[in-house]
Amino acid sequence: MGKTLTKGRRSITGQVYLITACTKHREPIFTNFNLARIVVTAMKKSQQRGHLLFVSWVIMPDHVHFLMSLKGDSNLSDVIGYIKGTTSYQICERLNRKGGIWQAGFHDHAIRKEENIIEAARYIVANPLRAGIVKSLKQYPHWDSIYL
């Protein structure tokens, strides 16, 4: 089943979670295409390792949203910690800076059975539209969904 985490957070295999993580001081670091792709690469590696399955995701200029489910005996905090830690190290190295790029922690919401996962996926990928960054998702390179 699941492991109890701090502040009531639980890791449940197969559970779909909506995750939000923000950059420090909401710095729009991911307006840089190459820095955003570092996050994509870390996400793909985590999925290839069998830790999780991404349902949908979007990388916004100053935050990310992941809709994902845990696989195996993965721990939610460890999985997100891996993605944030790996990307922080690589981006700081590229920018020649110290101190990391992410705010501490992340927000998670376990999607309940009665909630619509496809609706949550659409909400996530539509973030660039709602933010006025693009007029069409075809113009935005940093998102994906299994519901294409």
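Residues numbered from 1 in each chain as written. Predicted model: local features only at pLDDT ≥ 70, side-chain atom pairs only at ≥ 80, totals over all residues. Heavy atoms only, no water.

## Some remarks on the pairing of strand S3 (residues 16-22)
In terms of burial, S3 is a largely internal element, 7 of the 7 residues being buried. Burial along S3 is two-sided: Val16, Leu18, Thr20 and Cys22 and Tyr17, Ile19 and Ala21, pointing in opposite directions, are all buried. Where S3 lies against strand S5 (residues 63-70), 7 bridges are found, and the strand directions are antiparallel. Each bridged residue has a counterpart across the sheet, and for Ala21 the counterpart in S5 is Val64. Where S3 lies against strand S6 (residues 107-110), 4 bridges are found, and the strand directions are antiparallel. For Ile19, the partnering residue across the bridge sits in S6 and is Asp108. (Buried < 20%, exposed > 50% of the residue type's maximum accessible area, 1.4 Å probe, protein only. Helix = DSSP H or I, 4+ residues; strand = E, 2+ residues; numbered from the N terminus. Pairing = 2+ DSSP bridges.)

## So, helix H3 (residues 117-125)
Among all positions of H3, only Ala120, Ala121, Ile124 and Val125 are buried. Buried positions in H3, seen along its axis, are confined to an arc of 130 degrees and lie on one side of it. For H3, exposure combined with an orientation more than 90 degrees from the buried face picks out Glu119 and Arg122. Where H3 is buried, its residues contact S3, strand S4 (52-59), S5, helix H4 (127-130) and strand S7 (143-145). (Arc of directions from axis to C-beta. Contact = heavy atoms within 4.5 Å.)

## A closer look at unusual backbone geometry
The phi angle at Arg26 is positive, at roughly 50 degrees, despite the residue not being glycine. Of note, Asn96 is a non-glycine position whose phi angle comes to about 55 degrees, a positive value. Tracing the backbone shows Asn96 in the loop between helix H2 (76-95) and S6. Asn96 sits in the exposed class, given a relative accessible area of 73%.

## Details of the pattern of salt bridges
Within this structure, the stated rule accounts for 2 salt bridges. With a shortest N-O distance of 3.1 Å, Asp62 and Arg26 are connected by a salt bridge. Residue Asp62 is found in the loop between S4 and S5, and its partner Arg26 is found in the loop between S3 and helix H1 (33-48); the two are separated by 36 residues along the sequence. A residue is classified by how much of its surface remains accessible, and Asp62, at 17% relative accessible area, is buried. Relative accessible area serves as the criterion here: at 38%, Arg26 is assigned to the partly exposed category. (Salt bridge = Lys/Arg side-chain N within 4 Å of Asp/Glu carboxyl O.)

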